[in-house]
Protein chains: 2
Amino acid sequence: MKKAALARGTRDFGPEQLAKRQYIINTIKEVYELYGFQPLETPAIENLSTLTGKYGDEGDQLLFKILNSGDYLKKTDTNMLVQRDFKKIMPVIAEKGLRYDLTVPFARYVVMNRNDLSFPFKRYQIQPVWRADRPQKGRYREFYQCDADVIGSNSLLNEVELIQIIDMVYKKLGLLSNISIKLNNRKILQGIIKVIHTADQSINKSDKIGLEKVFDADDKFTVITVAIDKLDKIGLKGVNAELANRGISEESINQLATFLNFEGNVQETLAFLKEKLADSAIGLKGVEEMSTILQYLDTDKMPIKLDISLARGLSYYTGTILEVVPLGTEMKGSINGGGRYDDLTSVFGLKGVSGVGFSFGLDRIYDVMEELDLFKEITTNKTKALFINFDKECQAYTFPLVTNLRKEGINVEIFPEPAANGKKLKRQMNYANKKNIPYVILTGSTEKESGLFSFKTMETGEQETLTIEAITERLK
Amino acid sequence: MKKAALARGTRDFGPEQLAKRQYIINTIKEVYELYGFQPLETPAIENLSTLTGKYGDEGDQLLFKILNSGDYLKKTDTNMLVQRDFKKIMPVIAEKGLRYDLTVPFARYVVMNRNDLSFPFKRYQIQPVWRADRPQKGRYREFYQCDADVIGSNSLLNEVELIQIIDMVYKKLGLLSNISIKLNNRKILQGIIKVIHTADQSINKSDKIGLEKVFDADDKFTVITVAIDKLDKIGLKGVNAELANRGISEESINQLATFLNFEGNVQETLAFLKEKLADSAIGLKGVEEMSTILQYLDTDKMPIKLDISLARGLSYYTGTILEVVPLGTEMKGSINGGGRYDDLTSVFGLKGVSGVGFSFGLDRIYDVMEELDLFKEITTNKTKALFINFDKECQAYTFPLVTNLRKEGINVEIFPEPAANGKKLKRQMNYANKKNIPYVILTGSTEKESGLFSFKTMETGEQETLTIEAITERLK
């Protein structure tokens, strides 16, 4: 006998949780369709060659790998095995893996179907993804992402619409006052780094490397953005320490701090950046993109924050980046994230196709809504009435009625086992109670003779005597 | 650069396929809820200890196994590795696997939540499962099952309701005239084997083993049921050869053939079995169960066939078994299957809980409906109108109108990029065409001055001049 247990970091979802999750999913879906996005689903299993190298080293480690079928050791050589070099052996014994996000499978799909799709291609995708992460509060190994992407259009109108979608979804979920939509632009970050580097007098005099050089190498840019991204968690001191540790000069760090410390509303921040980035073409381009996007948005009514410290981890972003964070809740970290990427599909051989998209994190939104008690109006059970099953005669008499009600589209149940005694009758009433069935219908011998039924409202205990026609009307 | 490709036996689903799949799923869901079933979802990843040993040896081989994270070789010993004994090494390096069906995770769920559930527990579950099978027509490595089970009730009314569900789902899908619902009962099969054994004069005289003895051992009973189950594929000759090969006496094989050869309607078959199984208590019990179930069903209007040769592969069935096969289509094999099991949860430590359930095979039903062209009325795109984007001025003028229409719940799009010249305008019209958007709205400089819009019906080419209020009404 095996002990019944879930795999670590995974969950079952019963009727109540599913009703709540479905409510969030339906809300997101409805808004996506309002904006002309069409659904896509990709398989859970992908070739590892599709997945590896897209999420950084850490991401590669978090991929779930699927062992090849049959004799998976066939292609390994014995030396490899004896040396126990598990990293080298892995691609030989495991050629498939589980979907890590929805963006890379989407890029694969676009490249495979490039000749049949009409661009701009707007797709949404709501499916689970898997990560071999250490499970903790708000972090699961199997969780849902709800993505929307537009690919094949440079227009900033796409960014505008995505932000409107975020605003509308959270409004519909009743969460709008509990979130902040953080916006930034990778081009602004590039401009800041460029400007600081140019002004840094210390660079040629010391052996410290300048930000410019750091920026030249893609992975070093990631190092900086990753450091900035931690501002919320480790504070400016922590960020500065990390930057110094990576070889950034003190002068550059101090200059960067003036940007990170800036506080102001959207218009003030734009003015500040425009002035400070006057000498960086790319920086000004970022500011201009941001201004254009904001012009189209009703910023007074949206919880938008222009956040210079927002950097996002993934390296493929090239323009607008955004994140949504919950306010005043236990949940730390973002519940939405995304941005503009100019060349995501090139890794699969399709160059020069720009896209922009984001993802709602279903499980985190669920947790936040649960914490804030926002699921009040969701009912789980859909059965409208239970026919009590007194005995075999009663069963034979009522079952055809139950069948007819179902044919009319009314959700009803008959308790499958005849009661035959008092204790068992109580079990049937408990069943109705536990399942939140609002009405119970009793058919005793008196009722059978008269053709009438006792119709009991569970909440009030009120009992009426009705014909089956009257009951049908009541349940409709 | 990696070539973009799907993993073998997996598929992407675009908007049209998803709309059709969703139509089938919604139909099944609706009927399940009509009968009081509640939804459950379990994780894709389960501990292999939960999955192995439940599906027979072949099933165990078809399980997708997930490599442990980090240094998965840590717990292996070098001898094992040098000997390349992949079967022995496997449980050490892979402790998790992908869901193979929905029944075993359901049994695990019931055992884990036994104290919180109210029995009889009626759940439905519609999720993908994974099998490392050789892909071929109608057989995929990732496919959907749509299960319904009632657990914690012996009542045959549950069987009746499940058959009604099958009937109603196929009626709603327009497939009822293209299917046959095959019914049998494991107790009838047991009775047949018992009766044949008792009558077999040859058993004590030869070294052939009798069916009784075969039946005593569970795995031998499976051997017989598996042989019988192949009747459709290999014919009676094939079945007989297989039985002889397994050591069944000629006399018993001939006796069995009289059962397998029997042809008759439901009532005739019941009468035949009642007479033939007069000396087997268990056989008669099976016939009685079948009669009771059929009494509650409108058998004249349902494509029900009592099929003595139906045996089902899985060993856990103990009573009613059923299968639905499509008629007059290319699809071979069943599109539905299930039955009564008296002790499924005991493997996880919960004994004496009887259940009954079945599964709709979504992907096969889809293939059959596609072949029969039954998806006529499904529309995929939901965008009602496209606003043409002539230039930046037009964009700035129309975007707020688009936003307002969306706030009213009307699915509209604006092409994200200004046309600025004729060729690009054609691209926008093509976009509307390809996406089946029924109306296109044009806002030139004349329109802007007059406050009126050109409203074009794509199908007829008819063009009207309307106010935005009139357009709103038309699109609602």
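Use the structure listed above.
Parameters at a glance
- By convention here, each chain's residues receive numbers from 1 onward along its written sequence.
- Going through the entries in the order they are written, you letter the chains from A and number the ligands from 1.
- Whole-chain, interface and lining totals are the exception, using all residues; otherwise, since this is a predicted model, local features are given only for residues with pLDDT of at least 70 and side-chain atom pairs are given and counted only at 80 or more.
- Here the side-chain values reflect all heavy atoms present in the structure, with hydrogen atoms and water set aside.
- Under the scheme used here, helices are H or I runs from DSSP no shorter than 4 residues and strands are E runs no shorter than 2 residues, and both carry numbers assigned from the N terminus.
- Throughout, exposure labels follow a simple rule: accessible area from a 1.4 Å probe, protein chains only, divided by the maximum for the residue type, with under 20% read as buried, over 50% as exposed, and the rest as partly exposed.
- Here the copies are matched by least squares. The fit uses the C-alpha atoms of residues with pLDDT of at least 70 in both.
- Note on contacts: a residue pair qualifies if any of its non-hydrogen atoms lie within 4.5 Å across the two residues.
- The length a helix should cover is 1.5 Å for every residue beyond the first.
- What gets called buried area is simply the loss in accessible area from a 1.4 Å probe that two parts show on being joined, summed for both.
- The rule for a salt bridge is simple: a side-chain nitrogen of Lys or Arg has to be within 4 Å of a carboxyl oxygen of Asp or Glu.
- Throughout this description, a polar contact denotes any pair of N or O atoms lying within 3.5 Å of each other; where both atoms belong to protein, one of them has to be capable of donating a hydrogen while the other can accept it, and for residues adjacent in sequence the pair is counted only when both atoms sit in side chains.
- Axes here refer to lines fitted to C-alpha atoms; in helices the fit is confined to the stretch in contact. Angles between the N-to-C directions go from 0 to 180 degrees.
- Any angle that is under 35 degrees is reported as roughly parallel, and any over 145 degrees as roughly antiparallel; angles of 65 to 115 degrees are reported as roughly perpendicular and all others as oblique.
- Crossing handedness: left-handed means the near helix sits turned counterclockwise from the far one by under a right angle, and right-handed means the same turn made clockwise.
- At least two bridges found by DSSP between two strands are what make those strands a pair.
- By convention a nonpolar core is built from buried Ala, Val, Leu, Ile, Met, Phe, Trp, Tyr and Cys residues, the set being connected through side-chain atoms within 4.5 Å.
- Here the aromatic set is Phe, Tyr and Trp, taking the six-membered ring for Trp, and pairing holds for ring centres within 6.5 Å; pairs whose planes are under 30 degrees apart are stacked, those over 60 apart are edge-to-face, and all others are tilted.
- When the NZ atom of lysine or the CZ atom of arginine is within 6 Å of a ring's centre and also within 35 degrees of its normal, the charge is said to sit over that ring.

## Concerning unusual backbone geometry
Residue and element names in this part refer to chain A.
- That bond from Phe119 to Pro120 is cis: its omega, -5°, falls within 30 degrees of zero.
- Assignment of secondary structure puts Pro120 in the loop between α6 (103-112) and β5 (121-130).
- A positive phi angle, near 55°, is found at Asn436, a position not held by glycine.
- Turning to its location among the elements, Asn436 is positioned in the loop between α17 (422-434) and β14 (439-442).

## Overview of the side chain of Asn158(A)
- Along the chain, Asn158(A) turns up in helix α7 (residues 157-173).
- Residue class for Asn158(A) comes out buried when judged on its relative accessible area of 2%.

## Some words on the relation of the copies chain B and chain A
- It takes a turn of 180° to lay chain B on chain A, together with a shift of 0.0 Å along the axis; the resulting RMSD is 0.1 Å. Here the transformation between the copies is reduced to the relation of a two-fold axis. Within chain B, the C-alpha atom positioned nearest to the axis of rotation is that of Ile66(B), 2.2 Å from it.
- When the interface residues of chain B are mapped onto chain A, 100% of them again lie at the interface, so the same face is used by both copies.

## Here's the deal with α7(A)
All names here are of chain A.
- Over its 17 residues, α7 extends 24 Å from the first C-alpha to the last, a length consistent with the 24 Å expected when each residue adds 1.5 Å.
- Along α7, 15 of the 17 residues are buried, which leaves the element largely enclosed by surrounding structure.
- Downstream of α7 by one or two residues, Gly174 has phi in the positive range, about 75°.

## Things to note about the interface of chain B and chain A
- Taken together, the contact between chain B and chain A spans 106 residues of the former and 106 residues of the latter.
- Approximately 9200 Å² of surface area, both sides summed, lies buried where chain B meets chain A, with 57% of it carried by carbon and sulfur atoms.
- Between chain B and chain A we count 8 salt bridges in total.
- Where Lys382(B) meets Glu33(A), a salt bridge forms, and the shortest distance between an N and an O atom there is 3.3 Å.
- On inspection of chain B and its partner chain A, the count reaches 46 residue pairs in polar contact (both at pLDDT 80 or more).
- Per-element accounting of the side of chain B that touches chain A gives the leading share, 7 residues, to helix α16 (residues 392-407) of chain B.

## Describing the side chain of Ser359(B)
- Relative to the assigned elements, Ser359(B) resides in strand β11 (residues 355-361).
- Separated by 2.6 Å, the side chains of Ser359(B) and Asp147(B) make a polar contact.

## Let's talk about the environment of Phe399(B)
- Checked against the element boundaries, Phe399(B) lands in helix α16.
- Looking at Phe399(B), the relative accessible area reads 2%, which means it is buried.
- The contact partners of Phe399(B), leaving out residues within four places of it in the chain, are Leu157(A), Val160(A), Glu161(A), Gln164(A), Tyr296(A), Arg406(B) and Ile414(B).

## Some words on the pattern of salt bridges
- The final tally for this structure, using the stated rule, is 55 salt bridges over all chains.
- Across the pair Lys285(B) and Glu289(B) runs a salt bridge whose closest N-O atoms are separated by 3.3 Å. With Lys285(B) and Glu289(B) both in helix α14 (residues 281-295) and 4 residues apart, the pair spans about one turn of that helix.
- Residue Glu289(B) is classed as buried on the basis of its relative accessible area of 8%.
- Where salt bridges share partners, they join Lys122(A), Glu161(A), Arg406(B), Glu413(B) and Lys435(B) into one cluster.

## Brief notes about the packing of helix α8 (residues 186-199) of chain B against helix α12 (residues 250-260) of chain B
Residue and element names in this part refer to chain B.
- The N-to-C vectors of α8 and α12 enclose an angle of 140°; their axes lie 9 Å apart at closest approach. One finds that α8 runs oblique with respect to α12. When you trace α8 past α12, the crossing you get is right-handed. Of the residues in α12, those touching α8 at Ile192, Ile196 and Ala199 are Glu251, Ser252, Gln255, Leu256 and Phe259.

## Points about the sheet that holds strand β13 (residues 412-414) of chain A
All names here are of chain A.
- Read from one edge to the other, the open sheet built from 5 strands follows the order β13-β12-β14-β15-β16, with strand pairing classed as mixed. Each of the sheet's edge strands pairs with one partner strand only, and the pair in question is β13 and β16 (463-466). Averaged over all pairs of adjacent strands, the angle between strand axes in this sheet comes to 25°, irrespective of strand direction.

## Thoughts on the sheet that holds strand β7 (residues 179-185) of chain B
Residues and elements named next belong to chain B.
- Spatially, β1-β5-β6-β11-β10-β9-β7-β8 is the arrangement adopted by the 8 strands of the open sheet, whose pairing is mixed. Each edge of the open sheet is held by one strand with a lone partner, namely β1 (38-39) and β8 (304-306).
- As judged from the 7 bridges shared by β7 and strand β9 (residues 317-326), these two strands associate in the antiparallel manner. If you follow Ile179 over to β9, its bridge partner there is Pro326.
- Each of β5 (121-130), β6 (142-151), β7, β8, β9, β10 (336-341) and β11 is contacted by helix α7 (residues 157-173), which is oriented at about 15° to β11, the strand it contacts most.
- Most of the contacts of helix α15 (residues 362-371) go to β11, to which it runs at about 45°, and overall it touches β6, β9 and β11.

## A few points about the pairing of β5(B)
All names here are of chain B.
- When you tally the buried positions in β5, you get 10 out of 10 residues, the bulk of the element.
- The pairing of β1 with β5 spans 2 bridges and is classified as parallel. Within β5, the position partnered with Pro39 by the bridge is Tyr124.
- With 10 bridges joining them, β5 and β6 adopt antiparallel strand pairing. From the neighbouring strand, Phe121 faces β6, where its bridge partner is Ile151.

## Section: the nonpolar core
- The biggest cluster of nonpolar side chains holds 255 residues, and the ones touching the most others in it are Phe360(A) and Phe360(B).
- Excluding residues within four positions of it along the chain, Phe360(B) makes contact with Ile28(B), Tyr32(B), Tyr144(B), Gln145(B), Cys146(B), Ile165(B), Ile166(B), Val169(B), Tyr170(B), Ile335(B), Asn336(B) and Ile365(B).
- Counting residues in hydrophobic clusters, the runner-up holds 16 residues, among them Leu98(A), Phe64(B), Ile66(B) and Trp130(B).

## Focus: the packing of aromatic side chains
- Applying the stated criterion across every chain, the model contains 38 aromatic pairs over all chains.
- Ring geometry for Tyr32(A) and Phe358(A): centres 6.5 Å apart, planes at 40°, overall tilted. Taken together, the positions of Tyr32(A) in helix α1 (residues 15-34) and Phe358(A) in strand β11 (residues 355-361) put the pair 326 residues apart, joining distant regions of the chain.
- The exposure class assigned to Phe358(A) is buried, which follows from its relative accessible area of 2%.
- Aromatic pair Tyr55(B) and Tyr100(B): ring centres 4.2 Å apart, planes at 35°, arrangement tilted. Linking Tyr55(B) in the loop between α2 (48-51) and α3 (56-62) with Tyr100(B) in the loop between β4 (96-98) and α6 (103-112), this pair joins segments that are 45 residues apart in sequence. Each member of the pair, Tyr55(B) together with Tyr100(B), is buried.
- When the ring centre of Tyr140(B) is taken as origin, the NZ or CZ atom of Arg11(B), which lies over that ring, is 3.4 Å away.
- Above the plane of the ring of Phe13(B) lies Arg21(B), whose end atom (NZ or CZ) is 3.9 Å from the centre.

## Regarding the environment of Glu46(A)
- As for its position among the elements, Glu46(A) is in strand β2 (residues 45-47).
- Looking at Glu46(A), the relative accessible area reads 0%, which means it is buried.
- Each C-alpha atom of the pair Glu46(A) and Pro105(A) lies 8.0 Å from the other, and the pair is 59 residues apart in sequence.
- Aside from chain neighbours lying at most four places away, what touches Glu46(A) is Leu51(A), Lys96(A), Gly97(A), Pro105(A), Arg108(A), Ala5(B) and Ala7(B).
- Separated by 2.8 Å, the side chains of Glu46(A) and Arg108(A) make a polar contact.

Function cannot be read off these values alone, since they describe shape.
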